[in-house]
Amino acid sequence: MSNAPAEEIPAEEIDLTEANEVIDKYLTLPGNLMPVLQGIQEAYGYVPKPTIDLVAERLNVYPSQIYGVLTFYAQFHLKPRGRYIIRVCVGTACHVQGAERITETFFGRLGIGHAETTEDLRYTFEKVACLGACGMAPLAMVNDDTFGKMTVQKVDEIIETYNARPMK
């Protein structure tokens, strides 16, 4: 066991104005924790640590209860995510039509893997079990835009298109 001092992780600093506005909106609503957390994620793109402490204090709940909700539901994210969320279906229909090649091409072009985000926060990549459009296999989505019959060339076109779009 080392006697070296523990490395301290710097506290994340964010403006809590939006979080307070979300909490104010739902403060008197019974069962307000879920809509508060959803509103905070909508405002920040994820649920930052300082907002968890604020919610705990203002709603009079333990931070551990909040973490329980945040880690139980897949809709919540504790780390910043990209402006553009790329999802590639790896379900059976997409798999047999070459989803792995599409996934690997995205990985290579973006320099990230599954559930990772580019440093500039432009892209987050996710492999998903099914996107519900098997007739268009292999399938990818960027936010709400769907791309069927994916090819390696389409990967390049998608990245080029979204690189040209503004971050906000």
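The sections below set out a description of the structure shown in this document. Not measured: the values here are computed from a predicted model.

Notes on the overall build of the chain
Next up, step 1: Check the secondary structure of the chain and you find seven helices and five strands.
Next up, step 2: When the elements of the chain are put in sequence order from the N terminus, they spell out α-α-α-α-β-α-α-β-β-β-β-α.
Next up, step 3: Over its C-alpha trace the chain gives a radius of gyration of 19 Å, far above what one expects of a compact globule, namely 15 Å for 168 residues.
Next up, step 4: Counting only C-alpha atoms, the chain reaches 50 × 50 × 35 Å along its principal axes.
Next up, step 5: When the 168 residues of the chain are sorted by exposure, 39% land in the buried category.
Next up, step 6: Just so you have it, the chain exposes about 10,300 Å², and 53% of that area is on carbon and sulfur atoms.

Things to note about the sheet that holds strand S3 (residues 123-128)
Next up, step 1: Pairing is mixed in the open sheet, where five strands are placed in the order S2-S3-S1-S4-S5. Of all strands in the sheet, those bounded by a partner on one side alone are strand S2 (116-117) and strand S5 (145-147).
Next up, step 2: With two bridges connecting them, S2 and S3 associate as antiparallel partners. Counted as the bridge partner of Thr117 is Thr124 from S3.
Next up, step 3: Contacts between helix H6 (residues 99-110) and the sheet are confined to strand S1 (84-89), S3 and strand S4 (140-142), with S1 contributing the most and set at about 155° to the helix.

So, the side chain of Thr105
Next up, step 1: One can find Thr105 in helix H6.
Next up, step 2: When sequence neighbours within four positions are dropped, the list of residues in contact with Thr105 reads Val152 and Val155.

Remarks on H6
Note on helix geometry: an α-helix contains 3.6 residues per turn, so any two residues three or four positions apart are oriented the same way.
Next up, step 1: Here H6 contains 12 residues, and its C-alpha end-to-end distance of 16 Å stays within 8% of the 16 Å for a straight helix at 1.5 Å per residue.
Next up, step 2: Within H6, burial applies to Ala99, Ile102, Thr103, Thr105, Phe106, Phe107 and Leu110.
Next up, step 3: In this structure, the buried side of H6 is in contact with S1, helix H5 (92-96), S3, S4 and helix H7 (152-163).
Next up, step 4: Gly111 sits one or two residues past H6 and shows a positive phi near 75°.

Some remarks on the pattern of salt bridges
Next up, step 1: Counting across every chain of the model gives six salt bridges.
Next up, step 2: Residues Arg58 and Asp24 are paired through a salt bridge, measuring 2.5 Å at the closest nitrogen-oxygen approach. In this pair, Arg58 sits in helix H3 (residues 49-59) while Asp24 sits in helix H1 (residues 17-26), placing the two residues 34 residues apart along the sequence.
Next up, step 3: A relative accessible area of 27% means that Arg58 is categorised as partly exposed.
Next up, step 4: Residue Arg81 pairs with Glu126 through a salt bridge whose shortest N-O separation is 2.7 Å. Separated by 45 residues along the polypeptide, Arg81 in the loop between helix H4 (63-72) and S1 and Glu126 in strand S3 bring together distant segments of the chain. Each member of the pair, Arg81 as well as Glu126, is classed as buried.
Next up, step 5: Within this structure, Arg81, Arg87 and Glu126 form a network of salt bridges that share partners.

Rules behind the numbers
Residues numbered from 1 in each chain as written. Predicted model: local features only at pLDDT ≥ 70, side-chain atom pairs only at ≥ 80, totals over all residues. Heavy atoms only, no water. Helix = DSSP H or I, 4+ residues; strand = E, 2+ residues; numbered from the N terminus. Rg over C-alpha atoms; globule rule 2.2 N^0.38 Å. Buried < 20%, exposed > 50% of the residue type's maximum accessible area, 1.4 Å probe, protein only. Areas by Shrake-Rupley, 256 points an atom, 1.4 Å probe, with all protein chains shown as cover. Pairing = 2+ DSSP bridges. Contact = heavy atoms within 4.5 Å. Axes fitted to C-alpha atoms, helices over the stretch in contact; angles between N-to-C directions. Expected span 1.5 Å × (residues − 1). Salt bridge = Lys/Arg side-chain N within 4 Å of Asp/Glu carboxyl O.

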